[in-house]
Amino acid sequence: MKEYWAERLGGLSRAELATGYRMLETRDRPPTLPEFIKLCRPNLDPELAFHEALEQGVKRERFNPNDPDVWSHPAIYWAWVKVGAFAMTHQGYEVLRPRWVEALRHYAEELNLAPVPIKRQELPAPGKARLQPDRARKLLSQLNMKGIPQRAGISGQTEWAHAILQKHERGESVYIASIEMAEQALGLRS
């Protein structure tokens, strides 16, 4: 049996054997010889792989931990990354075919192709997160317990504005825009 396996696997290239080895991680049980050969030489039909990349790419972009993206081969994922999610979703297969086929071929032949990374939940973009007032007060009180003083109300937050107006009253040089911002911060100007 060992000789038979060795003979059949001897016809595979190093890249194909590396692909089969990587694909073992996607299986629940050891493959038979024909199954292993199929793992080594996956049928990466470019058009089918393109549509898989579209479907799984959308899942990855939307990120739902209950419905994760699942890629049949890491080459499809890395080709999707190379071509770009925006191009994939906004241009058709016929337009992207040359780029897609080249990227897919490149990654399918890669000896040390990295597995598909696990998608993690991302932090919201700056200004997009909403913090409830009660939660904010609780977090501020925790800061105070750690020895970081809190400023009550808005006092202390307008010291800069008073300093600018005092500087102006003393006759020192101050930009007009600084005076206007200081007066606006103090409610002296609308």
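Look above for the structure.
Given the structure is predicted, the values throughout are model-derived calculations rather than measurements.

S.K.: What exactly am I supposed to notice about the overall build of the protein chain here?
M.R.: The secondary structure content of the protein chain amounts to 10 helices and zero strands. The secondary structure elements of the protein chain, listed N-terminal to C-terminal, are α-α-α-α-α-α-α-α-α-α. Compactness check: the protein chain gives a C-alpha radius of gyration of 30 Å against a globular reference of 16 Å for 190 residues, more than 25% above the reference. Each of the three principal axes of the protein chain carries a C-alpha extent, and together these read 95 × 45 × 25 Å. Considering the protein chain as a whole, with its 190 residues, one finds that 27% of them fall into the buried category. Contacts in the protein chain between residues far apart in sequence, at least 24 positions, make up 54% of those at least 6 positions apart. One way to put it: in the protein chain the 27 positive side-chain charges average out to a point 5 Å from where the 24 negative ones average out.

S.K.: Teacher, can you tell me more about helix H3 (residues 33-40) here?
M.R.: At 3.6 residues per turn, the α-helix brings residues three or four places apart onto the same side. Taken together, the buried positions of H3 are Leu 33, Phe 36, Ile 37, Leu 39 and Cys 40. Within H3, the buried residues cover an arc of 155° as seen down the axis, which keeps them to one side. Of the exposed residues in H3, the ones pointing more than 90 degrees away from its buried face are Pro 34 and Lys 38. Tucked inside the fold, the buried residues of H3 contact helix H1 (2-9) and helix H2 (14-23).

S.K.: What am I meant to see in the packing of aromatic side chains here?
M.R.: Centre-to-centre distance and the angle between the planes together describe a pair of aromatic rings. For the structure shown, the criterion picks out six aromatic pairs. Considering the side-chain rings of Tyr 77 and Trp 78, the 4.8 Å spacing of their centres and the 75° angle between planes classify their relative orientation as edge-to-face. Relative accessible area serves as the criterion here: at 7%, Tyr 77 is assigned to the buried category.

Analysis parameters
Residues numbered from 1 in each chain as written. Predicted model: local features only at pLDDT ≥ 70, side-chain atom pairs only at ≥ 80, totals over all residues. Heavy atoms only, no water. Helix = DSSP H or I, 4+ residues; strand = E, 2+ residues; numbered from the N terminus. Rg over C-alpha atoms; globule rule 2.2 N^0.38 Å. Buried < 20%, exposed > 50% of the residue type's maximum accessible area, 1.4 Å probe, protein only. Contact = heavy atoms within 4.5 Å. Lys, Arg positive; Asp, Glu negative; His and termini not counted. Charge placed at Lys NZ, Arg CZ, Asp CG, Glu CD. Arc of directions from axis to C-beta. Phe/Tyr/Trp six-rings, centres within 6.5 Å; stacked < 30°, edge-to-face > 60°.

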